[in-house]
Amino acid sequence: MAADDVASGVAEVAVGPPLNGTVEIAGPEQFRLDELTRSLLKGQDDPREVVTDPQARYFGIAPSERTLLPGSDARIAETRLEEWLKQPATAR
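The shown structure was predicted, so the numbers you read here are calculated from the model rather than taken from an experiment.

Draft legend 1. Structural context of the environment of Val23. Assignment of secondary structure puts Val23 in the loop between helix H1 (3–15) and strand S1 (25–26). Judged by relative accessible area, which is 28%, Val23 ranks as partly exposed. Between the C-alpha atom of Val23 and that of Ala7, which follows or precedes it by 16 residues, the distance is 13 Å. Residues within four places of Val23 in sequence aside, it is in contact with Val13 and Arg75.

The following block contains the structure:
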């Protein structure tokens, strides 16, 4: 997620009424981690191969397809990955 989107989400919650709960903020796109890594490497002309291991563990658990995805009530940010990548690294 873009830092600007995170900051906007935090600011919105900070000035709003007390929620007495947790607010989940997520980016607007969904990627598999291996697909995202392949895309980023390709965009940098990096020839390394990404090998998908369906048996791989994530911090000791076997994640499902939805493990790292936001819940249905998450606030969805606006900045898409392609837009974020076009920004200078200092602005990210």
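Draft legend 2. The arrangement of the side chain of Asp34 in detail. Checked against the element boundaries, Asp34 lands in helix H2 (residues 33–43). Here Arg32 takes part through its side chain, which lies 3.2 Å from a polar atom of the side chain of Asp34. Excluding anything up to four places from it in sequence, Asp34 contacts Val50 and Thr52.

Draft legend 3. Structural context of the environment of Ile76. For Ile76, the position within the fold is in strand S2 (residues 75–76). Exposure remark for Ile76: the relative accessible area of 51% places this residue in the exposed category. In sequence terms Ile76 and Ile25 are 51 residues apart; their C-alpha atoms lie 5.9 Å from each other.

Draft legend 4. Up close: unusual backbone geometry. Its identity is not glycine, yet Asn20 carries a phi of approximately 50°, on the positive side. Counting through the fold element by element, Asn20 comes out in the loop between H1 and S1. Non-glycine residue Asp45 carries a positive phi angle of around 55°. Here Asp45 lies in the loop between H2 and S2. Judged by relative accessible area, Asp45 falls into the exposed class, the value being 70%.

Draft legend 5. Focus on the layout of surface pockets. Roughly 1,300 Å³ of internal volume is contained in the largest pocket. Residue lining of the largest pocket: 37 residues in total, with Phe31, Arg32, Leu33, Asp34 and Leu68 positioned closest to the centre. Where the lining of the largest pocket is concerned, the elements lending two or more residues are H2 and helix H3 (81–86). By residue number, the principal contributor to the lining of the largest pocket is H2, which donates five residues. Per-class residue counts for the lining of the largest pocket are 21 nonpolar, seven polar and nine charged.

Cut-off values and rules
Residues numbered from 1 in each chain as written. Predicted model: local features only at pLDDT ≥ 70, side-chain atom pairs only at ≥ 80, totals over all residues. Heavy atoms only, no water. Helix = DSSP H or I, 4+ residues; strand = E, 2+ residues; numbered from the N terminus. Buried < 20%, exposed > 50% of the residue type's maximum accessible area, 1.4 Å probe, protein only. Contact = heavy atoms within 4.5 Å. Polar contact = N/O pair within 3.5 Å; in protein donor to acceptor, adjacent residues only side chain to side chain. 1 Å grid on protein atoms, 1.4 Å probe; cavity = no way out; pocket = protein on both sides within 12 Å on 5 of 7 lines; lining within 4 Å. Points joined across faces, edges and corners; volume = space filled by probe spheres on them. Nonpolar A, V, L, I, M, F, W, Y, C, P; charged D, E, K, R; others polar.

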